[in-house]
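Structure at a glance
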Amino acid sequence: CSSMLGGREKIGECGIDWKQAAFGSGKNRRKTFNFGPYNKKRDEYPLSIHIRELSIVDAAGTGCAVWDAAIILARWLFKHRSVLEGHSVLELGSGCGLSGLVAANFAGSTWLTDCAPKLLSNLRYAVDVNSKNDEGDEVPEKCAIYTNTNIAYIDWDKFRGAGEGTGMYDEDIPGEAKDQLAREASEGPSYIVPIPACDIIIGSELTYTPISVVGLTQVIKTLLKPNGVFYELLSDDRDGVSAFVEEMEREGFETITHPVTEEYMGNFKTGQRPETYKFYTFRRKSSPCNFPEMQAD
């Protein structure tokens, strides 16, 4: 069978109980993802990230839950955290923010972005939760990490940035979306802010259909520094992958792919059916790039 959720097309049985995934407006589910070996003496992992999954109703269909690809990307980022150190990182299609929050623990600065207002406020919630201990008290060293974590609204299809680094033009944001963004940001900074060009852009399952390929490519072209790199984790089952690669190559990027190995697979607990994934690295052909390829090693 083929099922569609907010433009995300899956071929074959997807293995997800969408009734359970929806779990009603205003309902949510909290999860903790651990990275690195468990320290029995200290009863902790090197890094734990807490996220909140939303109902499909609240999240407008996409980004409401953590998919396998985001977990694989987060695992790769943790293992290769030295790549992030001192650099600016932009996550596109952050959703629940797992991969971006992992990156925030090692990068110089991090931008989490999405287009659904509810997802943006949920990302702000995640930043707040991960800045505290289990008792809800702020932890100074954690607060310092997330001080450099920014949350911004971006709609690939309406993005028309010019030059190196920009945000959404105010006049390009529909009035209804603008009102909802204002409501969601009522207790914090606005989500409509300029986004600087970054050293590293990351994302998972961004090109699941051909619909937004051109817009996504322009976002990457504008918000990636000349010597920067775009890392994406993709399933072989997505209709938009080949179209996206072709568009990126037309815009002067080279594409490098590597299969995802077993060390990054398994224990997802998402209910998603097994799929075959690849690491994708995109770099400009016209500029030298010192960032490594995304691969298993």
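This text follows the structure it describes.
As a convention, each chain's residues are numbered from 1 in the sequence order in which they are written. Residue-level local features of this predicted model are given only where pLDDT is at least 70; pairs of side-chain atoms are given and counted only at 80 or more, and the full residue set underlies all totals for whole chains, interfaces and linings. The side-chain numbers reported here are obtained from all heavy atoms of the structure, hydrogens and water having been left aside.

A tally of regular secondary structure across the protein gives nine helices and 11 strands. Only protein chains enter the area calculation, which uses a 1.4 Å probe; residues under 20% of their type maximum are buried, those over 50% are exposed, and those in between are partly exposed. Buried positions account for 51% of the 297 residues belonging to the protein. For the protein, the accessible area works out to roughly 13500 Å², and carbon and sulfur atoms hold 49% of it. Numbering of helices and strands runs from the N terminus, with a helix taken as a DSSP run of H or I at least four residues long and a strand as a DSSP run of E at least two residues long. Accessibility throughout is a Shrake-Rupley quantity obtained with a 1.4 Å probe, and a residue counts as covered only by protein chains that appear here.

Quick look at the pattern of salt bridges now. Two side chains bearing opposite charge may form a pair once their charged atoms approach each other closely. In the sections that follow, a salt bridge refers to a side-chain nitrogen of Lys or Arg positioned within 4 Å of a carboxyl oxygen of Asp or Glu. Enumeration over the complete set of coordinates arrives at 15 salt bridges. The partner of Asp236 in a salt bridge is Lys278, and the shortest N-O contact between them spans 3.0 Å. In this pair, Asp236 is assigned in the loop between strand S9 (224-235) and helix H9 (241-250) and Lys278 in strand S11 (residues 277-284), connecting sequence segments 42 residues apart. In this structure, a network of salt bridges that share partners links the residues Arg29, Lys31 and Glu53.

Let's shift gears to the environment of Thr147. Secondary-structure assignment places Thr147 in helix H6 (residues 140-147). The sequence separation of Thr147 and Thr110 amounts to 37 residues, and the corresponding C-alpha distance is 9.5 Å.

Position of Thr281 relative to the elements: it lies in strand S11. Whenever a nitrogen or oxygen atom comes within 3.5 Å of another N or O atom, the pair is scored as a polar contact, on the condition that within protein one atom can donate a hydrogen and the other can accept it, and that pairs from neighbouring residues in sequence are kept only if both atoms are in side chains. One polar contact links the side chain of Thr281 to the main-chain amide nitrogen of Met294, over a distance of 2.7 Å. Here Thr281 is in contact with Val229, Phe230, Tyr231, Glu254, Thr255, Ile256, Pro292, Glu293 and Met294, once residues within four sequence places are set aside. Contacts between residues were defined by any pair of non-hydrogen atoms, one from each residue, lying within 4.5 Å.

Here we come to the nonpolar core. Within soluble globular proteins, side chains that are nonpolar generally end up buried alongside one another. Here, nonpolar core refers to any group of buried Ala, Val, Leu, Ile, Met, Phe, Trp, Tyr and Cys residues whose side-chain atoms link them within 4.5 Å. Formed by 79 residues in total, the largest nonpolar core has its most connected members in Phe35, Ile49, Leu92, Val102, Ile200, Ile220 and Tyr231. At nine residues, the largest contribution of residues to this core is made by helix H3 (residues 68-79). Of all hydrophobic cores here, the second largest spans five residues; its members include Leu54, Ile56, Cys64 and Leu119.

To continue, consider the pairing of strand S4 (residues 47-54). Most of S4 sits inside the fold, with six of its eight residues counted as buried. Of the pairings in the sheet, the one linking strand S3 (residues 28-35) to S4 comprises eight bridges and is antiparallel in character. Bridge pairing in S4 places Asn34 opposite Ser48. Paired strands, in this sense, are two strands between which DSSP finds at least two bridges.

The subject of this paragraph is the pairing of strand S7 (residues 149-153). Most of S7 is tucked away, with four of its five residues classed as buried. Here strand S6 (residues 109-114) runs beside S7; their pairing, made up of five bridges, is parallel. Each residue of the ladder has a partner; that of Trp111, found in S7, is Asn150.

For any two aromatic rings, the description comes down to two numbers: the centre-to-centre distance and the angle of the planes. Aromatic rings from Phe, Tyr and Trp, with only the six-membered ring used for Trp, were paired whenever their centres fell within 6.5 Å, and each pair was classed as stacked if the ring planes differed by under 30 degrees, edge-to-face if by over 60, and tilted otherwise. Considering all chains together, one arrives at 10 aromatic pairs under this definition. For the ring pair Tyr38 and Tyr45, a centre distance of 5.2 Å and an interplane angle of 50° mean the geometry is tilted. Residue Tyr38 is classed as partly exposed on the basis of its relative accessible area, which comes to 42%. Owing to a relative accessible area of 32%, Tyr45 belongs among the partly exposed residues under this scheme. An angle of 50° between the planes, with centres 6.4 Å apart, marks the rings of Trp76 and Phe279 as tilted. Note that Trp76 is positioned in helix H3 and Phe279 in strand S11, a separation of 203 residues in sequence. Taking NZ or CZ as reference, Arg52 lies 3.7 Å from the ring centre of Tyr125, over its face. The ring of Phe78 has Arg81 lying over it, and the distance from NZ or CZ to the ring centre is 4.3 Å. Both a distance and an angle decide whether a charge sits over a ring: NZ of Lys or CZ of Arg must be within 6 Å of the ring centre and within 35 degrees of the ring normal.

Honestly, that's just the spatial picture; any functional story needs more than this.
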